[in-house]
Amino acid sequence: MRYPEVRQQNRKMLLLLITGLVLTLTLMSLPLCSFDVGVYTKKSGNTFVGDEKYQAARKEVEAIAEEYRGQGLDVEIHEDVLERVNSKGKTTSLVTFTVSQTFSRNVFSFIGCGFVSSAAAAILLGLMILAAVLTVLGLSGTEDVLHRYLDGRTRTLRSLAVTALVMAVCLVPVFILSNNVVFSRRLSLYSAELITEGREIFFSKLDRFFFDGGMGENIGDALQGLKLTASPLLWLMAATLFISLVAAVSLLRGEIRSGLLRGGLYVFVAVVCVITLYPYYVMTITAFRSNAETLDMYYLHMVPTKWIWSNLTDIIRRGVPRYLMNSLFVAGGATALAMLCGIPAAYAMARMNFRGKKAFLGFVIMSQMFSPVVLLIGISQLMNTLQLNNTLWGLMLINAAFNQAFAIWLLRGTFVSISSEMEQAAMIDGCGTVGALTRVLIPMAAPGIVTALIFVFINAWNEYTIATVLISTAQNRPITVGITQFSSFNMIEWQYMFAASLLATIPVVILFMSIEKHLTAGLTSGGVKG
C-alpha cells in the first residue's frame, strides 16, 4: 500500500540525514586542530630581562626568526623566564626563547598521514558516504511504503545505514583521543629518548604532516615543545552525526520519537560494548605479541607489529591442552553432579511439606556464607582421609558440593513459579511423581535449569584456591592453576599467559552459544497436552 504522508515524512528524514552529514563535512573542513610548533629554542643562563646578555640573545633569536620568515613560515617569538634562589642566597635567572609556528589542520588533513587518527578520519568519511548511499538505495521506490510493510532488501539497506552511522559516531572520540596519544604522549616519549624503536619513521610522518618533508634531520629539534589544541567543535561532529543517525533510524522505524530513542540506545549500547570488550581485545592481541612488545610499558601499538602465531604452539607444548581437559572434566562433572542432586532436592523443597523444611532451607542459605578459604584445612584432611587428595575426582566433588546450595536455591524458585496444576494434570494422565517431574516440570523449568547449569559450570571452571591446595602434580592441574607456570618471581611471560587465557575462554563461549537458545525454549513445553 502507498501512503502519501509516508512519502512526505521519509523525504523530511532524508533531508535531515543529509543535513547532518553536510554539517559534519563542514566541521571536518574547519581548522579544528591547532599545533604550536617550536622550530627553534635558545636558553640563556644567568640572564635577566633587559640586561646586555638578554639583549644579545634576543637579537640572535630575532635574526633566526627572520630567516624562517624568509622561508615563508609565519613564526612568533615567545620567552619564558625562570628565576630561583641558589644555595648562596643569590637570585639566578634562566630565559628561554622559543621561535614557534602555529599550524591549523582540519580533519581531512589527517587522511593519508599514517597516524591512528588518519585511519579513523578515513573510515569516518567512508562510513558517512556509505550511509548516504545505503539510505538513498533503501528509499528508492519505497519512499511511500509504510515501514512495517518494507521488504527484506529495503529493510536490510536501511539497517546497514543505521549501523554505519553508529560506527561513525563512535569514531569521533577515537579520532580525538588518538590525536592526543600521537601528538602528546608518543611524541614526548620519542623526544625524551625514552623509546627509540620506530622513531625515524614517526618523525618522518610528522615532517610530511607539518613541513611537507622540508625539515629532514632537523625535525626532532623543530618539534620540541609541540602543543596540540583541539577545538571543542570536534565533539560537535558527534552531535551532527547523531542527527543523521536519528533520521536513519526514523526511516527504519517510522517515527521520529522512536528514531531519537533508538538512536540514543544504539550509541549507548555501542559505547558499553566497547568498554566491556576492551579487556578481551587486549587479551587477544597480547596473546600474539612478541615478548618485547608485551613489555612495552607505553603501549604504543594498538595491534602487534608482527603477529607471533607460534605463541599458541609454545603453550601447547607446555601442557595447556592437558590443563584444559582437566578443567573440562572437573567443571563438567561438578555441574552434572550438582544438577543430578539439585533438581530432586529443589523439587522436594518446592512441592513437599515435611518437618525441618524451613531449617533445611536456612542451612542452604547459611552454607553460602562460608568461604572455601576458611574450610581449606578441613577439606584437605577430608580428601586425605578419602584418599582423593591430588585427584581430579576429589576436586570435582568439592566443586559440586560448594555449588550445590546455590543450585538448590535457584531451582527451588523455578519450581515454585510453576503451577502445581501441571503435575496434577500429568498424574491424571497416568504419570507418577517422577514421571511428572521428568516429563512436565523439567521441560518447563528449562530456563532456570540452564541458568543454574551455567553458573555452576562457570564457578567450577574459574575455581582456583582449592585447586591450588589439593593438586600438587602438574598433570592434574586445571587451567586456572596451570597458567601460573608462566608467572615467576622475576618474570611474567605475558604473551603465553594471555594465549592460555584466550584458549581458556573458548569452552565457556561454546557453552553459552550452545545453551543460549534453550533459555527461553521449553518455557511452556509440556504445558498443553497433544
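Residues numbered from 1 in each chain as written. Predicted model: local features only at pLDDT ≥ 70, side-chain atom pairs only at ≥ 80, totals over all residues. Heavy atoms only, no water.

*Asks:* What's the story with helix H17 (residues 446-462) in this structure? I'm lost.
*Replies:* In an α-helix, one full turn covers 3.6 residues, which means residues spaced three or four apart are oriented alike. Counted at 1.5 Å a residue, the expected span for H17 with its 17 residues is 24 Å, and the 24 Å between its end C-alpha atoms agrees. Every buried residue of H17 is accounted for by Ala 446, Pro 447, Gly 448, Ile 449, Val 450, Ala 452, Ile 454, Val 456, Phe 457, Ala 460 and Trp 461. Check the buried side of H17 and you find it contacts helix H11 (320-351), helix H14 (392-416), helix H16 (433-444), helix H19 (479-482) and helix H20 (494-515). (Helix = DSSP H or I, 4+ residues; strand = E, 2+ residues; numbered from the N terminus. Expected span 1.5 Å × (residues − 1). Buried < 20%, exposed > 50% of the residue type's maximum accessible area, 1.4 Å probe, protein only. Contact = heavy atoms within 4.5 Å.)

*Asks:* I keep staring at helix H7 (residues 233-253) and nothing clicks. Help me out?
*Replies:* In this model, H7 (21 residues) spans 30 Å end to end at C-alpha, consistent with the 30 Å of a helix rising 1.5 Å per residue. Positive phi appears at Gly 254, one or two residues downstream of H7, with a value of about 95°.

*Asks:* Help me understand the environment of Leu 16, please; the structure alone is not making it clear to me.
*Replies:* Within the secondary structure, Leu 16 is located in helix H1 (residues 4-29). Relative accessible area serves as the criterion here: at 30%, Leu 16 is assigned to the partly exposed category. Between the alpha carbons of Leu 16 and Val 274 there is a distance of 28 Å; along the sequence they are 258 residues apart. Each residue touching Leu 16, except ones within four places of it in the same chain, is listed here: Ile 243, Ser 244 and Ala 247.

*Asks:* What is the right way to look at the confidence of the model for the protein in this model?
*Replies:* In low-pLDDT segments, the atomic positions of the prediction should not be examined closely. Chain-level statistics for the protein give a pLDDT mean of 82 and a share of 93% at 70 or above. Looking over the protein, one finds the lowest element-wise mean pLDDT in helix H6 (residues 219-222), namely 72, and the highest in helix H3 (residues 116-139), namely 92. Note on residues 521-530: pLDDT is under 50 here. Beyond four places in sequence and across chains, it has 14 contacts. (pLDDT = per-residue confidence, 0-100.)

*Asks:* Hey, could you run me through the packing of aromatic side chains in this one?
*Replies:* When we look at a pair of aromatic rings, we describe it by the centre distance and by the angle of the planes. Enumeration according to the criterion identifies 25 aromatic pairs in this entry. Aromatic side chains Phe 110 and Phe 209 sit 5.1 Å apart centroid to centroid with 40° between the ring planes, which places their arrangement in the tilted category. Taken as a pair, Phe 110 in the loop between strand E3 (91-105) and H3 and Phe 209 in helix H5 (residues 199-211) lie far apart in primary sequence, 99 residues in all. The class of Phe 209 is buried, set by a relative accessible area of 5%. Measuring from centroid to centroid gives 5.3 Å for Phe 115 and Phe 183, while their planes differ by 70°, and the two rings are edge-to-face. Taken as a pair, Phe 115 in the loop between E3 and H3 and Phe 183 in helix H4 (residues 152-191) lie far apart in primary sequence, 68 residues in all. Residue classification places Phe 115 among the buried residues on the basis of a relative accessible area of 6%. (Phe/Tyr/Trp six-rings, centres within 6.5 Å; stacked < 30°, edge-to-face > 60°.)

*Asks:* I'm lost on the nonpolar core in this one. Help?
*Replies:* General note: in soluble globular proteins, nonpolar side chains tend to be found buried as a group. The biggest cluster of nonpolar side chains holds 69 residues, and the ones touching the most others in it are Phe 35, Phe 183, Leu 206, Phe 210 and Leu 223. Broken down by element, the residue count for this core peaks at 15 residues, all from H4. The two domains that each donate at least three residues to this core are domain 1 (4-30 + 110-211 + 231-253) and domain 2 (31-106). Excluding anything up to four places from it in sequence, Phe 35 contacts Gln 101, Thr 102, Phe 103, Arg 105, Phe 110, Phe 183, Phe 209, Phe 210, Leu 226, Lys 227 and Leu 228. Formed by 28 residues, the second largest nonpolar core is a distinct cluster that contains Leu 324, Met 396, Ile 479 and Ile 515. (Core = buried A, V, L, I, M, F, W, Y, C linked by side-chain atoms within 4.5 Å. Domains from an automatic or database assignment.)

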